[in-house]
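# Examination of the molecular architecture
Chain by chain, the residues:
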Amino acid sequence: MLDLEDVHINRGGTHAVRGVSLTVGRGEIVSLIGANGAGKTTTLAAISGLLRPRKGKILFRPQENAPAIDLTTMKAEQIVAAGISHCPEARQIFGNLSVTENLKIGAYLRNDADGVARDLADIHARFPILHERGSVPGDKLSGGEQMMLAIGRALMSRPKLILFDEPSLGLAPILVEQIFEILETIRRDGVTVLLVEQNASMALEFSDRAYVIEAGEITLAGTGKELASNSDVQRAYLGAA
Amino acid sequence: MTLPYLIDQLVNGLILGSMYALVAIGFSMIYGIVRLINFAHGDILTIGAFAGLAAFASADLPFPVVILIVLVAGAVVGMVIERTTFRPMRGSPQVTGFIASLAVSIILENLAIMILSAQPRTFRIPAYLNALVDFGPVSIRVIDLMIVVLAIVLVIALTSFVRFTKVGIAMRATAENYDVARLMGININRMIMLAFAIGSALAAVAGLMWGSKYGQISPLMGVLPGLKAFVAAVIGGVGSISGAVLGGYILGLAEVLFVGLLPPALSGYRNAFVFGALILVLLVLPNGLLGRNTETRA
């Protein structure tokens, strides 16, 4: 569904991503794990069109048999329209917009008012707190509520692929568990997930496959289970002695 | 002091306040979305006044059509300023943007002097707009009523647009965070241009009002009202539309009452009074009356 081929990205004058190639298959949860500054967020920014790679291809196939489109030449809004939603690092809720407005703005490119209303109701059913606090400004929510809002907002565009940037960041452990279970239900609803995480143990447990990125390069790849039992991964990311 | 005199002064204050409010809204909207003060904003008022003069003079157009022409003229000039000056400066240090807009202002003023000459011109309005309407002890000109009503209509229209429409929400989202707005599929260039178009259209209408009210226009007429509307925007809290409206009316009323109620010897100090008020407000409320904490864009 998504193929990165030898992608190089400059960010802030440094060569932050150096030839990353990775694949996300339809219906998978794939995670990209790595330390702070390894190039995870930069990679996601290039997929969603916020940054333009200096080299390489990012191919996306919205439908099974559709021709692949190269995202590197597209604008961010065209990429959203093609079916990719990006739930950014630190949630980035619009603090001046109400909770409901935050959700509605997620459906900005959609013109099917009925469908949007249905999806809004679905999200309210999934996260009742977003309904209760609908008229509250986004910045008045707690961290966990903001995460739910960010997920809901990302779903409102009806994406085929969602990019999650560190959804567990800054959340209490019990909420982290809950967030990963939500990712699992999103996948069950037919949305593919590409996840970037520092919380490697949780990410590997919930992922079908994973990649390890170090200093802008992919150093390891495998299924979630394989990587979780890999001794290098354990030493570097899972806190094993 | 008689009651009719006081009422006259209040009406004059409301009119001046309406014009300040319309110009201040543009300062605030543009600041809100690009975090820059457009120093050429006052010159849009001049352009609106001359567009109005031309529209009135060229044909016997009905007043609503003249208003529409002025709105469009302001919007077009605002969009051109955004596209040619502010967009290329995006991402540069704030100072660069300030200086660039100052340059635009100087260019516009000198172009106007070259093309139109520095000589003030009489701004004639059709007789029906000059007619008097009696309200018990006072009579008010039709145009004066129109100015206040039009300003209120425009403010309500704008607020509803920004609050309730999808594009309005997208504009607020863009003002808050460019990158996340883009992730929602919002074309931020279009939103920024729209903010310039709306803000400038309102300033141009204020220019039309200015000419209609005071009967005389000139290429540099926008400078002082522009500065004062900027003061109004700061008093209200830059970035807040309701703050700009509130600041505009407070400043307009205060300025007129200051001149009208104090001994004539002091009336020469009206501008000193306005800027003194600014300093006072900033000392007590650095974010203005309705402003949020001023934050810079990450």
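Going by what an unreviewed UniProt entry lists, chain B is known as Amino acid/amide ABC transporter membrane protein 1 (HAAT family) and is assigned to Breoghania corrubedonensis. On record in UniProt, under Subcellular location (unreviewed entry), the comment for chain B is "Cell membrane".

Going by an unreviewed UniProt entry, chain A carries the name Amino acid/amide ABC transporter ATP-binding protein 2 (HAAT family) and comes from Breoghania corrubedonensis. Per its UniProt entry, chain A bears the Sequence similarities (unreviewed entry) comment "Belongs to the ABC transporter superfamily."

### Some details on the interface of chain A and chain B
With 24 residues of chain A in contact, the opposing surface of chain B contributes 19 residues. When residues of chain A are sorted by the area they lose upon contact with chain B, A:Leu50, A:Phe94 and A:Tyr108 head the list and together hold 32% of the total. Across the chain A-chain B interface, the total number found is one salt bridge. The residue A:Glu101 makes a salt bridge to B:Arg172 at a minimum N-O spacing of 2.9 Å. Here chain A and chain B share eight residue pairs in polar contact (both at pLDDT 80 or more) between them. Elements supplying a minimum of two residues to the side of chain A that touches chain B: helix 2 (76-82) and helix 3 (99-106) of chain A.

### Some words on the layout of surface pockets
Its boundaries defined by the atoms lining it, the largest pocket holds a volume of some 950 Å³. Around the largest pocket sit 33 residues that line it, and A:Asn96, B:Arg172, B:Gly239, B:Ser240 and B:Arg292 are the ones nearest its centre. Broken down by secondary-structure element, the contributors of at least two residues to the lining of the largest pocket are helix 1 (3-34), helix 6 (142-164), helix 7 (166-176) and helix 11 (241-261) of chain B. Top contributing element to the lining of the largest pocket by residue count: helix 1 of chain B, with five residues. Among the residues forming the lining of the largest pocket, the class breakdown is twelve nonpolar, 13 polar and eight charged.

### So, empty space enclosed by the protein
Residues and elements named next belong to chain B. The tally for this structure, following the rule as stated, stands at one cavity of 30 Å³ or more. Approximately 40 Å³ is the volume attributed to the largest cavity. Together, Phe63, Ile143, Met146, Ile147, Leu150, Leu208, Met209 and Ser212 line the largest cavity. Among the elements of the structure, helix 6 and helix 9 (188-214) are those that each provide at least two residues to the lining of the largest cavity. Among the elements that take part in the lining of the largest cavity, helix 6 stands out by supplying four residues, more than any other.

### Section: the sheet that holds strand 10 (residues 217-223) of chain A
Residues and elements named next belong to chain A. Judged by pairing direction, the sheet is mixed, and its six strands sit side by side in the order 6-7-8-3-9-10 without closing on themselves. Two strands close off the open sheet at either side, each with one partner strand: strand 6 (84-87) and strand 10. Taking the axes of each pair of neighbouring strands and ignoring which way they run, one obtains an average angle of 15 degrees across the sheet. Bridge count between strand 9 (residues 209-214) and strand 10: six bridges; the pairing is antiparallel. Within strand 10, the residue paired with Arg209 across the bridge is Thr223. Lying on the sheet, helix 7 (residues 173-188) is in contact with strand 3 (29-33), strand 7 (161-165) and strand 8 (192-197); it crosses strand 8 at an angle near 155 degrees.

Scoring rules and cut-offs
Residues numbered from 1 in each chain as written. Chains lettered and ligands numbered in written order. Predicted model: local features only at pLDDT ≥ 70, side-chain atom pairs only at ≥ 80, totals over all residues. Heavy atoms only, no water. UniProt positions renumbered as here; feature names shortened; annotations may be inferred. Contact = heavy atoms within 4.5 Å. Buried area = accessible area lost by both parts, 1.4 Å probe. Salt bridge = Lys/Arg side-chain N within 4 Å of Asp/Glu carboxyl O. Polar contact = N/O pair within 3.5 Å; in protein donor to acceptor, adjacent residues only side chain to side chain. Helix = DSSP H or I, 4+ residues; strand = E, 2+ residues; numbered from the N terminus. 1 Å grid on protein atoms, 1.4 Å probe; cavity = no way out; pocket = protein on both sides within 12 Å on 5 of 7 lines; lining within 4 Å. Points joined across faces, edges and corners; volume = space filled by probe spheres on them. Nonpolar A, V, L, I, M, F, W, Y, C, P; charged D, E, K, R; others polar. Pairing = 2+ DSSP bridges. Axes fitted to C-alpha atoms, helices over the stretch in contact; angles between N-to-C directions.

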